[in-house]
Amino acid sequence: MRERIGKEEALELYNIQDLNILSEKALQIREKLNGRTVWYNKNFHLEPSNVCMHNCKFCSYRRTSNSQPGAWTMSLEEVNEYCLEKFQEGTTEVHVVGSVHPQKDISYYYRVIETIRKSLPPSVTIKAFSAVEIDDMAKNAGLEIKVVLKELIKRGVSALPGGGAEIFDPQIRAQICPDKANAQRWLEIHETAHKLGMNTNATMLFGHIESRENRIDHLLMLRELQDKTGGFDAFIPLLFKAANNPMSYLGEVDSIEVLKTFAISRIVLDNFPHIKSYWPMLGKELCQLTLLYGADDIDGTINNSTKIYSMAGSKEQKPIMTSANLKKIAAECNMIAVERDSFYNQIIKK
Ligand code: V47
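Residues numbered from 1 in each chain as written. Predicted model: local features only at pLDDT ≥ 70, side-chain atom pairs only at ≥ 80, totals over all residues. Heavy atoms only, no water.

### Considerations on a negative patch on the surface
For step 1, the next point in the chain: The grouping of Glu3, Glu8, Glu9 and Glu12 at the surface amounts to a negative patch.
For step 2, the next point in the chain: Within the fold, Glu12 resides in helix H1 (residues 7–13).
For step 3, the next point in the chain: Under the relative-accessibility criterion, Glu12 is labelled exposed at 52%. (Patch = residues over 30% accessible without salt bridge, like charges linked within 9 Å, V, L, I, M, F, W, Y side chains within 5 Å. Areas by Shrake-Rupley, 256 points an atom, 1.4 Å probe, with all protein chains shown as cover. Salt bridge = Lys/Arg side-chain N within 4 Å of Asp/Glu carboxyl O. Lys, Arg positive; Asp, Glu negative; His and termini not counted. Charge placed at Lys NZ, Arg CZ, Asp CG, Glu CD. Helix = DSSP H or I, 4+ residues; strand = E, 2+ residues; numbered from the N terminus. Buried < 20%, exposed > 50% of the residue type's maximum accessible area, 1.4 Å probe, protein only.)

Here it is, written out as structure tokens:
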């Protein structure tokens, strides 16, 4: 059996100059877990509002109130209309993530889910709310996390996205997202979800003020929870995009650092079945390259439904892909795109 990689060894991987070595190591693990498969799904995102009480310095999407230019907050009617507009034949997932609206209480979020459930066929999975949103819903309503998650499940939520993790280190968090759920709370919410039978994802926002050591510590904390629960499906390294936010002065890290971070994530997170490469943030070309550095999932068709990354300067200003586009990305890497549902079951066409 392979020895599990430790912190010092993981950090040393960053010093390898020959990228082929990192690619080879990551591909070995990737192939064992996923063969030559590149998973994708037919999905769209719903971002009910961008008015947020939190003040994350990396965020280009947040507005402080409804009256600010560029702010939106959907009524339930608008949620319904939006779902009907974005749903396409074969859509299997809606990904819901937005903001913590200072004037909306938990009943708004419950009703958003109830509205989505009524608008879309029962076969569509609702993957909803980051741990940060759930934390605030619970605190503001004076409820335990377990209670809120059970209420969401009752209304149709069956998976959690991985947002809000950023970088777990408290000193970095204090500088980039001082006023939201800390690492322990983020991990507790995912652990509770896993115990209730929900699958969840995990993310890491990298390429800003964090060190490589902060990244490795973040990965090791996720690996530890995964050892305990086995409830994570995918890990998604999110590259900091620098336009239109208070951290713009930092610029962005180069593609080599991105590829190294993907490969090292694949190597360290030996108990995560999937590493997802999110093309609306990376752009199609870099996303394709990450397939050679351990990624096995390229998210989905999106149908021009997310603004978080376009507002932060992604080159994908209107993110949309067909199954044919996604298949081409995989085929050009000598891999095979396979359509999946939210739980990584292959979709078999009748
Ligand atoms: O937590 C915000 C990130 C996340 C910026 O679970 C930024 O399948 C880069 O979690 N540059 C939300 N990143 C999105 C998210 C996600 C995305 C795709 C798939 C899944 C999944 C989850 O977006 C936030 C934050 O880390 N983010 N602003 C920015 N300027």
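Back to the text.
### Points about the sheet that holds strand E4 (residues 125–128)
For step 1, the next point in the chain: Across the sheet, seven strands lie side by side as E2-E3-E4-E5-E6-E7-E8; this open sheet has parallel pairing. Bordering the open sheet on either side are strand E2 (43–46) and strand E8 (274–275), each of which pairs with just one other strand.
For step 2, the next point in the chain: Across two bridges, strand E7 (residues 232–239) lies against E8 in parallel orientation. By the bridge assignment, Ala234 is partnered in E8 with His274.
For step 3, the next point in the chain: On the sheet, helix H4 (residues 106–119) packs against E2, strand E3 (93–96), E4 and strand E5 (157–160) and is oriented at approximately 160 degrees with respect to E4. (Pairing = 2+ DSSP bridges. Contact = heavy atoms within 4.5 Å. Axes fitted to C-alpha atoms, helices over the stretch in contact; angles between N-to-C directions.)

### Section: the nonpolar core
For step 1, the next point in the chain: Ranked by internal contacts, the top residues of the largest apolar core, which has 101 residues, are Ile116 and Leu222.
For step 2, the next point in the chain: What Leu222 contacts, discounting residues up to four positions off in sequence, is Phe168, Trp186, Leu187, Ala202, Thr203, Phe232, Phe235, Leu269 and Phe272. (Core = buried A, V, L, I, M, F, W, Y, C linked by side-chain atoms within 4.5 Å.)

### As for the environment of Glu166
For step 1, the next point in the chain: Its location among the elements puts Glu166 in the loop between E5 and helix H7 (170–176).
For step 2, the next point in the chain: Judged by its relative accessible area of 7%, Glu166 falls in the buried class.
For step 3, the next point in the chain: The residues touching Glu166, leaving out its near neighbours within four places in the chain, are Phe58, Arg173, Ile176, Cys177, Lys180, Thr203, Met204, Leu205 and His218.

### A closer look at helix H10 (residues 255–268)
For step 1, the next point in the chain: Its 14 residues give H10 an end-to-end C-alpha distance of 20 Å, which sits within 8% of 20 Å, the value for a rise of 1.5 Å per residue.
For step 2, the next point in the chain: Among the 14 residues that make up H10, 12 are buried, leaving the element largely enclosed by the rest of the structure.
For step 3, the next point in the chain: Those residues of H10 not exposed but buried are Glu257, Val258, Leu259, Lys260, Thr261, Phe262, Ala263, Ile264, Ser265, Arg266, Ile267 and Val268. (Expected span 1.5 Å × (residues − 1).)

### Notes on the packing of aromatic side chains
For step 1, the next point in the chain: Summed over all chains, the structure comprises 10 aromatic pairs.
For step 2, the next point in the chain: Relative to Trp72, the ring of Tyr61 lies with its centre 5.4 Å away and its plane at 85 degrees, an arrangement referred to as edge-to-face. Here Tyr61, found in the loop between E2 and helix H3 (76–86), pairs with Trp72, found in the loop between E2 and H3; they are 11 residues apart in sequence, far enough to count as distant.
For step 3, the next point in the chain: Since its relative accessible area comes to 4%, Tyr61 is described here as buried.
For step 4, the next point in the chain: A residue is classified by how much of its surface remains accessible, and Trp72, at 18% relative accessible area, is buried. (Phe/Tyr/Trp six-rings, centres within 6.5 Å; stacked < 30°, edge-to-face > 60°.)

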